[in-house]
Amino acid sequence: MEMLGLKETMIQMANFIEKEDLLYHGQYGFRSRHSTEHAIQDILNTIQSNMDRKQHTCAIFIDLKKAFDRVSHRILLDKLYIYIYI
């Protein structure tokens, strides 16, 4: 029963974040209807567009797979609370 409540809470949070447009449009991870394929296509479109306009493109790729392990959950929850009750 606890897991069902957690899942419902996660769905509500995701819906709120989408509805309030809190994420950067280029955020593809951990979002419904967004995937790594979309991210790659976005990068390729940007490169192609810049090539068409004879502009240079520079990219930096950083692996942040462990980034959330370092985030204070208390601070994260406090920030979510602020966004919800502003």
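Being a predicted model, the structure only gives us computed values, none of them experimental.

1. Regarding the overall build of the protein chain
Step number 1: Of regular secondary structure, the protein chain possesses three helices and zero strands.
Step number 2: Counting from the amino terminus, the protein chain carries its helices and strands in the arrangement α-α-α.
Step number 3: Expected size for 86 residues packed as a compact globule is a radius of gyration near 12 Å; at 17 Å, the protein chain overshoots this value by more than 25%.
Step number 4: The C-alpha extent of the protein chain, read off along each of the three principal axes, is 55 × 30 × 25 Å.
Step number 5: Across the 86 residues in the protein chain, those meeting the buried criterion constitute 3%.
Step number 6: About 8,500 Å² of surface is accessible on the protein chain, with carbon and sulfur atoms providing 61% of the total.

2. Looking at the pattern of salt bridges
Step number 1: A full pass over the atoms with the stated rule returns two salt bridges.
Step number 2: Notably, a salt bridge pairs Glu20 with Lys19, separated by 3.8 Å at the nearest N-O pair.
Step number 3: Judged by relative accessible area, Glu20 falls into the partly exposed class, the value being 38%.
Step number 4: For Asp78, the salt bridge is made with Arg74, and the minimal N-O distance between the two is 3.2 Å. Of this pair, Asp78 and Arg74 both sit in helix 3 (residues 73–84), separated by four residues, roughly a single helical turn.
Step number 5: For Asp78, a relative accessible area of 35% gives the class partly exposed.

Cut-offs applied
- Residues numbered from 1 in each chain as written.
- Predicted model: local features only at pLDDT ≥ 70, side-chain atom pairs only at ≥ 80, totals over all residues.
- Heavy atoms only, no water.
- Helix = DSSP H or I, 4+ residues; strand = E, 2+ residues; numbered from the N terminus.
- Rg over C-alpha atoms; globule rule 2.2 N^0.38 Å.
- Buried < 20%, exposed > 50% of the residue type's maximum accessible area, 1.4 Å probe, protein only.
- Areas by Shrake-Rupley, 256 points an atom, 1.4 Å probe, with all protein chains shown as cover.
- Salt bridge = Lys/Arg side-chain N within 4 Å of Asp/Glu carboxyl O.

Treat this as a map of the structure, not an account of what it does.
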